[in-house]
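Letter by letter, the chains look like this.
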Amino acid sequence: MNAPATFESFLLLDGERKIIVEKDTKVPNAVVFTISKEDHTLANMLRAQLLKDPQVIFAGYKIPHPLENKVILRVQTASHDYSAVHAMENAIKDLIFEMDMLEDRVKSAIANRQSAE
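Rules and cut-offs
Residues numbered from 1 in each chain as written. Predicted model: local features only at pLDDT ≥ 70, side-chain atom pairs only at ≥ 80, totals over all residues. Heavy atoms only, no water. Pairing = 2+ DSSP bridges. Helix = DSSP H or I, 4+ residues; strand = E, 2+ residues; numbered from the N terminus. Axes fitted to C-alpha atoms, helices over the stretch in contact; angles between N-to-C directions. Polar contact = N/O pair within 3.5 Å; in protein donor to acceptor, adjacent residues only side chain to side chain. Parallel < 35°, antiparallel > 145°, perpendicular 65-115°, else oblique. Contact = heavy atoms within 4.5 Å. Nonpolar A, V, L, I, M, F, W, Y, C, P; charged D, E, K, R; others polar.

Section: the sheet that holds strand β1 (residues 19–23)
Here's step 1: With antiparallel pairing, the four strands of this open sheet are ordered in space as β1-β2-β4-β3. For this open sheet the edge positions go to β1 and β3 (56–62), each flanked by a neighbour on one side alone. With direction set aside, neighbouring strand axes in the sheet form an average angle of 15°.
Here's step 2: As paired strands, β1 and strand β2 (residues 30–36) are joined by five bridges and run antiparallel to one another. Across the sheet, the residue bridging to Ile-19 is Ile-35, located in β2.

Things to note about the environment of Asn-90
Here's step 1: By secondary structure assignment, the location of Asn-90 is in helix α2 (residues 84–116).
Here's step 2: Sequence spacing of Asn-90 and Leu-50 is 40 residues, and the spatial spacing of their C-alpha atoms is 8.3 Å.
Here's step 3: A distance of 2.9 Å separates the side chain of Asn-90 from the side chain of Tyr-82, its partner in a polar contact.

Describing the packing of helix α1 (residues 40–52) against α2
Here's step 1: Following both chains from N to C, one finds α1 and α2 inclined at 110°, their axes separated by 9 Å at the closest point. Judged on the interaxial angle alone, α2 and α1 are roughly perpendicular. Two secondary-structure elements touch here, α1 through Met-45, Leu-46, Gln-49, Leu-50 and Lys-52 and α2 through Ala-87, Met-88, Ala-91, Ile-92, Asp-94, Leu-95 and Glu-98.
Here's step 2: Considering only residue class, the contact of α1 with α2 consists of eight nonpolar, one polar and three charged.

Below, the structure written as structure tokens:
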């Protein structure tokens, strides 16, 4: 069969890096992040969070091939003072905060539901 082994979709192999950061030579103030072992779930959340930042001009991603568990995320910022790497760090921190809030709300809703029964 042509499909890779299932463990290859989430385990980093020896010497494989989770994220590779490369400066985009075609566009000013832009960086290309290559994220291994991820798919549309994380990529779309990051893209959406990055686009909420007023300093981010462009944020987009692509999956090179459906059988390849890799995301290529391109980010461009408005100025040299605010780098794409900094924008990505802020987006990740904001997403972690939002996920924590979601977890708290779900736990609270479950507790309220159980106490009502």
